[in-house]
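Analysis of the macromolecular model
Take a look at the letters that make up each chain.
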Amino acid sequence: MDPTPIDRFAPIFVAGHRGLVGFAVVRKLQSLGYANILLRTHSELDLTIQSAVDDFFGAHKPYYVILAAAKVGGIHANNTYPADFITINLQIQTNVITSAFKHNTKKLLFLGSSCIYPKFAPQPIPENSLLTGPLEPTNEWYAIAKISGIKMCQAFRLQHSFDAISAMPTNLYGPNDNFHPENSHVLPALLRRFHEAKVNNVAEVVVWGSGKPLREFLHVDDLADAVVFLMENYSWLEHVNVGSGKEVSIKELAELVKDVVDYKGEIVWDSSKPDGTPRKLMDSSKLAAIGWKAKVSLKEGLKDTYKWYLENVVNQQ
Ligand SMILES: NC(=O)C1=CN([C@@H]2O[C@H](COP(=O)(O)OP(=O)(O)OC[C@H]3O[C@@H](n4cnc5c(N)ncnc54)[C@H](OP(=O)(O)O)[C@@H]3O)[C@@H](O)[C@H]2O)C=CC1
Ligand SMILES: C[C@H]1O[C@H](OP(=O)(O)OP(=O)(O)OC[C@H]2O[C@@H](n3cnc4c(=O)[nH]c(N)nc43)[C@H](O)[C@@H]2O)[C@@H](O)[C@@H](O)C1=O
């Protein structure tokens, strides 16, 4: 199915607009002149409640849907709340995909994650590594939900010609991230921990694990750009990896954050905390072949995120 031209005046529902990804996607859509963006907060529309989702779709008939609402967290949250991660994500995505189809949504984009791939997938990880080996145990519950989301999009395309596509982002960061000390991802967690150690004159900062795992980071503005690019240019069965192509060790990341925050103390490693998957660099050559690549460097992205954190979290306390 070739993509049909996008109508920027048709109603587009961005689910999860108060989160890291949804917030950036809305900014991107607004900058491109999308004029009819539908938004609902979690308290206005709980996407785990099927009847509420169906009523919303019936009343507003979104022409396009970007599904950026999910139960999301870092390695500790995924490991601690497996029931929440599998149940809430299956509920949200099932409700949104089925109601979108039922109420004639023209196109839907589902967001998964690089954790869908086997723990020991070939590196960089191509899209066809999906379901070729066991998952990383710390996030397999979330991964199973995300894999089900990809498969639902494919099933609806095959059976009903519903134009549902899936994007698989690598580890993301940027403005509006979750800076919770335990439940967030590594990058916002370290920005906060180094900042608090600096202002409180603490001599050491504890970082989890061995520092050896490698991660690929993508600024959320790049992801938002890729999401809109895929909505406008991609209408096929297979999911699409979205990465920066650059990886760093957690040790290198910690040094970089320390530098950006200008913290002068020492880093101490807590080996009782899990490392998670050793490496997950994605092969994003498919997206590159369609014409998209990342622009924001990790150093610039970190500076931008720290600035946002100071202005919007620290200064609001
Ligand atoms: N962050 C990352 O590193 C990565 C994220 N992704 C994917 O990108 C997508 C967005 O993630 P991200 O922006 O980081 O996550 P966030 O946690 O920042 O945002 C998720 C949003 O979903 C909303 N939400 C959660 N549950 C419900 C619900 N039951 N009803 C309505 N809204 C709900 C949240 O609202 P509230 O806060 O009020 O609950 C929040 O606004 C997810 O699908 C995630 O899997 C993929 C790879 C990496
Ligand atoms: C995006 C992806 O995110 C999750 O997977 P993850 O990549 O393992 O994510 P993470 O950011 O939490 O950790 C990355 C690495 O960093 C180390 N680490 C050090 N110090 C802290 C720290 O203070 N906090 C955290 N969270 N990690 C730390 C940590 O031990 C690990 O080695 C999935 O659950 C799933 O949600 C998913 O799809």
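Residues numbered from 1 in each chain as written. Chains lettered and ligands numbered in written order. Predicted model: local features only at pLDDT ≥ 70, side-chain atom pairs only at ≥ 80, totals over all residues. Heavy atoms only, no water.

1. A closer look at the overall build of the chain
The line we're drawing: Secondary structure follows DSSP: runs of H or I at least 4 residues long count as helices, runs of E at least 2 residues long count as strands, and numbering of each begins at the N terminus. We take the radius of gyration over the C-alpha atoms and set the globule estimate at 2.2 Å times the residue count to the 0.38 power. For this analysis, residues touch if any pair of their heavy atoms sits within 4.5 Å. What sets the accessible areas is the Shrake-Rupley method with a 1.4 Å probe; for residues, cover comes only from the shown protein chains. Counting rule for charge: Lys and Arg are taken as positive, Asp and Glu as negative, and neither His nor the chain ends is counted. Charged groups are reduced to one reference atom each: NZ for lysine, CZ for arginine, CG for aspartic acid, CD for glutamic acid.
Counting its regular elements, the chain contains 10 helices and 11 strands. For 317 residues, the compact-globule estimate of 2.2 N^0.38 gives 20 Å, and the C-alpha radius of gyration of the chain, at 19 Å, lies within 12% of that figure. Put simply, of all contacts in the chain between residues at least 6 apart along the chain, 82% involve residues at least 24 apart. When the accessible surface of the chain is split by element, carbon and sulfur atoms take 53% of a total near 13,900 Å². The chain carries 32 positive and 33 negative side-chain charges, and their two centres are separated by 2 Å.

2. Some words on the site of ligand 2
The condition is simple: When at least one non-hydrogen atom of a residue lies within 4 Å of a molecule or strand, that residue is treated as near it. Any N or O atom pair separated by 3.5 Å or less is treated as a polar contact, with the protein-specific requirement of one donor-capable and one acceptor-capable atom, and with residues adjacent in sequence counted only for side-chain atom pairs. Three classes are used, and their members are as follows: Ala, Val, Leu, Ile, Met, Phe, Trp, Tyr, Cys and Pro are nonpolar, Asp, Glu, Lys and Arg are charged, and the others, Gly among them, are polar.
Taken together, 22 residues are adjacent to ligand 2, and Ser 113, Arg 193, Arg 215, Pro 274 and Asp 275 come closest. Within the side chain of His 185, one N or O atom sits 3.2 Å away from an oxygen atom of ligand 2. Between Pro 274 and ligand 2, the recorded distance is 2.7 Å, taken from a backbone N or O atom to an oxygen atom. In the complex, 98% of the free accessible area of ligand 2, which totals 690 Å², lies under the protein chains. Of all elements in the fold, only α3 (75–80), α6 (186–199) and β7 (204–208) reach the threshold of two or more residues within the shell around ligand 2. Counting residues per element, the shell around ligand 2 draws most heavily on α6, at three residues. Tallied by class, residues from the shell around ligand 2 come to 10 nonpolar, eight polar and four charged.

3. Points about the sheet that holds strand β1 (residues 12–15)
How we decide: Should DSSP find at least two bridges between two strands, the strands are taken to pair.
Within the open sheet, the six strands sit side by side as β2-β1-β3-β4-β5-β9. Their pairing is parallel. The sheet terminates laterally at β2 (37–38) and β9 (240–242), the two strands that pair on one side only. Bridge count for strand β4 (residues 107–111) against strand β5 (residues 163–169) is five bridges, and the pairing is parallel. Bridging from a neighbouring strand, Leu 109 pairs with Ile 165 of β5.

4. Structural notes on the UniProt feature "domain: NAD-dependent epimerase/dehydratase" (unreviewed entry) in the chain
Operational definition: UniProt positions are given in the numbering used here, feature names are shortened, and annotations may be inferred rather than shown by experiment.
As annotated by UniProt and renumbered to match this structure, "domain: NAD-dependent epimerase/dehydratase" (unreviewed entry) occupies residues 12–243. Span residues 12–243 is 43% helix and 17% strand, its end C-alpha atoms 25 Å apart.

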